[in-house]
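Structural features, examined
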Amino acid sequence: MKQTEKKLQYQTTLIVNGKTEKLTLPAWVSLLDALRHHLDLTGTKKGCDHGQCGACTVICDGKRILSCLTLAVAKDGSEIKTIEGVGSKENPHPLQRAFIEHDAFQCGYCTPGQICSALGMLEEGEAQTLEEIKDSLSGNLCRCGANANIIDAVTEVKANHYE
Amino acid sequence: MKNKNGEIGKAKSRLTALEKVTGSAKYAAEYNVPDLLYGYIVNSSVTKGKITALDETAVRGIPGVVDVLSHNNRPSLPWFDVMYSDMDAPPGSPFKPFYDNEIKYDRQPIALVVADSFETARYAAAQLKVTYETEDFDVDLRKNLDDARDPSKGLATLIKPLPPSPKGDFAKAYGEAAATYDGDFRHGTEHHNPMEMHATTTVYEGEGKLTIYDKTQGTNNSQIYVSNVFGLSYSDVRVLAPYVGGSFGSGLRPQYQLFVCVMAALHLKRNVRVSLDRKQMYTFGHRPQTVMKARFGADAAGKVTAMHHKAVAETSRFEDYNEVVVNWGNILYPAQNTLLEYQLVPLDTYTPIDMRAPGGSTGMHAVETAMDALAYDLKIDPLEFRLRNYAERDVSEDKPFSSKELRECYRQGAEKFGWAERKPEPRSMKRGNRLVGYGMSSGIWDVIALPARAEAIFTKAGKFIVKSAVNDSGQGSYTVMTQIAAEQFGISTEEMTFEYGDSEHPLSPIQGGSYTTGVVGSAVKAACKVLKEELFKKAKRLKNSPFADSEEDAIYFRDGKIYAADDDTVFVNLTDIFQNEKEDKISVTKSNVPNPLKLKQYTRAAHSAAFVEVEVDEQLGTVNVTRAVTAVAAGNIINPKTARSQILGGMVWGISKALREETLTDFKTGRYVNPNLAEYHLPVHADIHDLDVIFVEEKDEIINELGAKGVGEIGLVSMAPAIANAIFHATGRRMTEFPIHFEDLVL
Ligand code: FES
Ligand code: FES
């Protein structure tokens, strides 16, 4: 590594899905790229890198955030939950099961963001009506047009697990 | 041969579901390869002209920058167009990235900066100093309609035929018609915008060998392109695309991130990844802006007698991209006097590329608006009007349909929707301060037949494996192919292994045009059939085989065994075959080649009918699609669960086309001004309400081995016109431009 670049590196600790990760990063690395390039957690997706699509949604200290608009170093000490921490193949979260049941995706690229956003919304507990739920998830685009199935999946999980 | 009843037709969750919901599905930019370099592309900032200088000094001085590639220092490249051709190349001369200093369109890729981190590459790319000499350009279709000319013919026009010749006497019939409609239509440029941006990861395996993870709709297409352009042998280039984050046509041709990524990997002998950013997703193909004219005439009995449909679309200056825009109306409605015209205007843009329901979704807006308008004029219910003009036979080609259950689509769709509740008069239905409208539209999409290959394998361990290079960008092909293969051997989908998305597997056409299920599915079925014959032959030869004298129709396959058709206690375990075998697997590869002579005798198409309710707020100019039903006749539905999602997706695209999406062009700068997901509007969850899908039963023994017509486009073609017609019913105003803007609706 060249000298000048080295100077710009910062020690950053992130607690990702319960695991403490110590990273040395330049300040300009987004949380999204830190997850994808430095921790090989590619479940979090990049759909725009500009805060316009929701694909990069993760849960940071209990709140939904767009990881593409967040610098990793600014989250030093934070707890991050990504799709990999929501559930596993062996033991999927009810939201993950409901997404499969309702075929709430086609290509699957927006899916981790949709699920993290839905999880954040359910835990925030504010959106109650169908319209509020749709509004609250509208920052997550789906170009495949799985919208109706996504909303069905989320409302079912809300009714069964969050009421 | 008889089978246990079957995996085909079962509503199954997609086989990649767990990977997709847990984030373990890996897309092209997500392969963790060692010592990876990141490339970032620099795009031209002028629309037309020449690069006079590229100053790389600043860029090369940035720590971490490994190289800068451009036309100045690129490795030598072939000159002949044919080397750059691909399975979807229209007639003309394909764009050659970094070939010379000429700029043909705005944001053309001109250089690649390679660095040891993504951030450094991106930063450095912004520091490249480029000097240009600019030239005059034109990107305004409507200003250049006088330049319209016929499209050149080529391979593309075989699959996407040009309009049929005029029939009867349009002018006379139109003049004598009891009711006429004359309308001018337009839609702007649209971009595919799959959620995953185009990306390629090239693994340099040494000695000219490459493994490439590419975002593509055709692994073979990318493989052939890379091999030809870079002079590599096919066997040294392996392209993999097991997961593709949507494409909708954007991956039909090898895109320039593939080209530059491979170029850098070969040049540097390193592993390289190049991802496009969202803005760059607007620089390599789009649905072309198109203007249309429709003049339809009907007699007093409500029969359409005259049909003029003309479309003029843009193309690039270097390739003639064409679509089937004006052919559909006369296949649906048997007017005897027709004038169907399709022309192109070359402009200084990149070549358009098929985008979900190319041509059909454009043309049907005009056809179905004209039909709707005539119905209102003649005071006939719009659905009844379409029934009066129901084509029992395709008069445009004078052929029978291979199958057509559109009437059932109308009936079941109307019933489910409650079409009978509609009050005939425009502006007659209200909900609070909003006007309510009901609209409907027919839909049609052709069934394309192409050759494809597949391999079927049975292993000593008792495993069935079927392989094809085919992709799955979310349509569900992986699941559907596995179902088709499983059915052939009487096993469950879970017991069948289908391998796909790999150029090493048998050749598949690029995935598109709704033909994948029928085309690749038929190859899968054909390969399985040959394997069954092979296995049966070997079973007969076993010592004491109960089938020594049996014919094929006296047995069937189930659960890894061959059974006697009339006696379940008589069977052979398929793994016993290996007692006599040296190999530990039996493998066959088979091509399925459609019979053009048989197919040519029929018009082959999927049909749909969409019924839509809208609410229009004339104070705000807003439209809400409150509910919609689409009834589809697409032959055999292999997996009703994933097929339903395809139709729902098409309906959302219809909402988007009618009400949301468009790429706006600044004609002065030749530039798209909204190349991002904030200003390129897509429907969000809050825009989507009650959507319903019906699959009408339809048998078709002509089109392909499976009787499957495909469902990728048909959900879209009828939806957008039905929305426009519903808005007319709500407001009394015809919507002839897509997308519809607020200002088109406010009082
Ligand atoms: S990638 Fe972060 S919002 Fe799109
Ligand atoms: S599933 Fe493809 S973008 Fe949502």
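The structure presented is a predicted model; accordingly, all values stated were derived computationally and were not measured.

Structural notes on the overall build of chain B
In terms of regular secondary structure, chain B is built from 17 helices and 32 strands. Taken against the 2.2 N^0.38 rule, which gives 27 Å for 747 residues, the C-alpha radius of gyration of chain B at 27 Å falls within 12% of a compact globule. Overall, chain B is about 80 × 80 × 50 Å in size when its C-alpha atoms are taken along their principal axes. Put simply, chain B has 747 residues, and 66% of those count as buried. About 26200 Å² of surface is accessible on chain B, with carbon and sulfur atoms providing 48% of the total. Within chain B, the 99 negative side-chain charges are centred at a point lying 2 Å from the centre of the 86 positive side-chain charges.

Section: the interface of chain B and chain A
The partner chain A presents 54 residues to the 65 residues of chain B that form the contact. In total, about 4800 Å² of surface goes out of reach between chain B and chain A, with carbon and sulfur atoms giving 55% of it. Linking chain B to chain A there are seven salt bridges. The interface formed by chain B and chain A contains 32 residue pairs in polar contact (both at pLDDT 80 or more).

Section: unusual backbone geometry
Residue and element names in this part refer to chain B. The amide bond that connects Phe738 to the next residue, Pro739, takes the cis arrangement and shows omega of -10°. For Pro739, the position within the fold is in the segment after strand E32 (737-738). Phi is positive for Phe98, close to 60°, though the residue is something other than glycine. Relative to the elements of secondary structure, Phe98 occurs in the loop between strand E4 (65-70) and strand E5 (102-103). Exposure remark for Phe98: the relative accessible area of 2% places this residue in the buried category. Located in the positive-phi region is Ala357, a residue other than glycine, with phi close to 55°. Locating Ala357 in the fold gives a position in the loop between strand E15 (337-347) and helix H9 (360-377).

Re the sheet that holds strand E31 (residues 690-695) of chain B
The strands making up a sheet associate through hydrogen bonds between their backbones, and the pairing can be parallel or antiparallel. Residues and elements named next belong to chain B. Overall, mixed pairing links the five strands, which are arranged E18-E19-E27-E28-E31 in an open sheet. In the strand order of this sheet, the two ends are held by strand E18 (429-431) and E31, each with one partner. Here the strands of the sheet are splayed against their neighbours by 30° on average, with no regard to which way each runs. Relative to E31, strand E28 (residues 622-633) runs parallel, the two being bridged by six bridges. The residue of E31 that forms the bridge with Ala628 is Leu691. Strands strand E19 (434-446), strand E27 (605-617), E28 and E31 of the sheet are contacted by helix H11 (residues 406-417), whose axis makes an angle of about 25° with E27. Here helix H15 (residues 640-659) sits on the sheet and contacts E28 and E31; the angle it forms with E31, its principal contact strand, is near 130°.

Digging into the packing of H9 of chain B against helix H17 (residues 719-731) of chain B
Residues and elements named next belong to chain B. Axis separation between H9 and H17 bottoms out at 9 Å; the angle between their running directions is 30°. Compared by their axis directions, H9 and H17 come out roughly parallel. Where H9 crosses over H17, the handedness of that crossing is right-handed. On the side of H9, the interface is formed by Met364, His365, Glu368, Thr369, Asp372 and Tyr376, while H17 contributes Pro721, Ala724, Asn725, Phe728 and His729. Here the residues of the contact of H9 with H17 sort into five nonpolar, four polar and two charged.

What to know about the pairing of strand E21 (residues 464-467) of chain B
Residue and element names in this part refer to chain B. Alternating residues of E21 divide into Phe464 and Val466 and Ile465 and Lys467, and every residue in both groups is buried. Where strand E20 (residues 452-459) lies against E21, four bridges are found, and the strand directions are antiparallel. Paired with Phe458 across the strands is Phe464, a residue of E21. Here E20 hands over to E21 after four residues, with Gly462 in that stretch at a positive phi of 85°. As paired strands, E21 and strand E22 (residues 496-499) are joined by four bridges and run parallel to one another. Across the sheet, residue Phe464 finds its bridge partner in E22, namely Met496. Of the crossover connections in this fold, the one passing from E21 over helix H12 (residues 477-488) to the parallel E22 is right-handed.

Points about the packing of helix H5 (residues 111-124) of chain A against helix H6 (residues 130-137) of chain A
Packed helices, taken two at a time, are described by the angle between their axes plus the distance between the axes. Residue and element names in this part refer to chain A. Where H5 contacts H6, the axes come no closer than 10 Å and their chain directions differ by 130°. By the criterion of interaxial angle, the relationship of H5 to H6 is oblique. Between H5 and H6 lies a crossing whose hand is right-handed. Every residue of H6 that contacts H5 at Ser117, Ala118 and Met121 is listed here: Ile133, Ser136 and Leu137. For the contact of H5 with H6, the class distribution of residues is four nonpolar, two polar and no charged.

A short note on helix H2 (residues 31-38) of chain A
Burial runs high along H2 of chain A: six of the eight residues are buried. Along H2 of chain A, the positions that sit buried rather than exposed are Leu31, Leu32, Asp33, Ala34, Leu35 and Arg36 of chain A. Here the buried face of H2 of chain A lies against strand E1 (9-16), strand E2 (19-26), strand E3 (57-60), strand E4 (63-66) and strand E5 (79-81) of chain A together with helix H3 (118-125) of chain B. Following H2 of chain A by one or two positions, Asp40 of chain A has its phi on the positive side, about 55°.

Re the pattern of salt bridges
All names here are of chain B. Scanning the model with the defined rule gives 62 salt bridges over all chains in all. Residue Glu504 pairs with Arg238 through a salt bridge whose shortest N-O separation is 3.6 Å. You can see Glu504 sitting in the loop between E22 and helix H13 (516-541) and its partner Arg238 sitting in strand E11 (residues 237-240), a full 266 residues away along the chain. For Arg238, a relative accessible area of 29% gives the class partly exposed. Among the salt bridges present, the one from Lys529 reaches Glu533, with a minimum N-O distance of 3.3 Å. Taken as a pair, Lys529 and Glu533 lie in helix H13 at a separation of four residues, close to a single helical turn. Shared partners join several salt bridges into a network, and the residues in it are Arg431, Arg434, Glu613, Glu615 and Arg627.

A word on the nonpolar core
Residues Phe99 of chain A together with Val226, Phe230, Val614 and Ile723 of chain B are the most contacted members of the largest nonpolar core, which totals 186 residues. Here the element with the most residues in this core is helix H7 (residues 256-268) of chain B; it accounts for eleven residues. When neighbours within four sequence positions are excluded, Val226 of chain B is seen to be in contact with Leu210, Ile212, Gly231, Leu232, Val237, Leu258 and Val262 of chain B. Counting residues in each nonpolar core, the second largest holds 50 residues, with Val466, Val470, Ala485 and Phe489 of chain B among its members.

With respect to empty space enclosed by the protein
Residues and elements named next belong to chain B. Counted under the stated rule, the structure contains four cavities of 30 Å³ or more. Forming the walls of the largest cavity are 17 residues, and the residues nearest its centre are Tyr105, Asp106, Tyr282, Gly670 and Tyr672. The computed volume of the second largest cavity comes to approximately 120 Å³. Among the residues forming the lining of the second largest cavity, the class breakdown is eight nonpolar, one polar and two charged.

Quick word on the domain arrangement of chain A
Residues and elements named next belong to chain A. Domain boundaries in chain A define domain 1 (3-85) and domain 2 (94-161). Summed over both partners, the interface of domain 1 with domain 2 comes to about 1300 Å²; 55% of that surface belongs to carbon and sulfur atoms. A salt bridge links Glu124 to Arg64; the nearest nitrogen and oxygen atoms lie 2.9 Å apart. The interface formed by domain 1 and domain 2 contains eight residue pairs in polar contact (both at pLDDT 80 or more). When residues of the side of domain 1 that touches domain 2 are assigned to their parent elements, the largest contribution, three residues, is made by E3. Its residues placed into classes, the side of domain 1 that touches domain 2 shows five nonpolar, six polar and five charged.

Points about the packing of aromatic side chains
Residues and elements named next belong to chain B. According to the stated counting rule, one finds 35 aromatic pairs over all chains in the structure shown. Grouped by ring-pair contacts, the aromatic residues Phe458, Phe464, Phe489, Phe557 and Phe578 constitute a single cluster. Lying across the ring of Tyr99, Lys96 places its NZ or CZ 5.2 Å from the centre. Its end group placed over the ring of Tyr390, Arg407 keeps NZ or CZ at 4.1 Å from the ring centre.

Rules of the game
- Residues numbered from 1 in each chain as written.
- Chains lettered and ligands numbered in written order.
- Predicted model: local features only at pLDDT ≥ 70, side-chain atom pairs only at ≥ 80, totals over all residues.
- Heavy atoms only, no water.
- Helix = DSSP H or I, 4+ residues; strand = E, 2+ residues; numbered from the N terminus.
- Rg over C-alpha atoms; globule rule 2.2 N^0.38 Å.
- Buried < 20%, exposed > 50% of the residue type's maximum accessible area, 1.4 Å probe, protein only.
- Areas by Shrake-Rupley, 256 points an atom, 1.4 Å probe, with all protein chains shown as cover.
- Lys, Arg positive; Asp, Glu negative; His and termini not counted.
- Charge placed at Lys NZ, Arg CZ, Asp CG, Glu CD.
- Contact = heavy atoms within 4.5 Å.
- Buried area = accessible area lost by both parts, 1.4 Å probe.
- Salt bridge = Lys/Arg side-chain N within 4 Å of Asp/Glu carboxyl O.
- Polar contact = N/O pair within 3.5 Å; in protein donor to acceptor, adjacent residues only side chain to side chain.
- Pairing = 2+ DSSP bridges.
- Axes fitted to C-alpha atoms, helices over the stretch in contact; angles between N-to-C directions.
- Parallel < 35°, antiparallel > 145°, perpendicular 65-115°, else oblique.
- Left-handed = near helix turned anticlockwise from the far one by under 90°.
- Nonpolar A, V, L, I, M, F, W, Y, C, P; charged D, E, K, R; others polar.
- Right-handed = clockwise from strand over helix to strand, strands pointing away.
- Core = buried A, V, L, I, M, F, W, Y, C linked by side-chain atoms within 4.5 Å.
- 1 Å grid on protein atoms, 1.4 Å probe; cavity = no way out; pocket = protein on both sides within 12 Å on 5 of 7 lines; lining within 4 Å.
- Points joined across faces, edges and corners; volume = space filled by probe spheres on them.
- Domains from an automatic or database assignment.
- Phe/Tyr/Trp six-rings, centres within 6.5 Å; stacked < 30°, edge-to-face > 60°.
- Lys NZ or Arg CZ within 6 Å of the ring centre and 35° of its normal.

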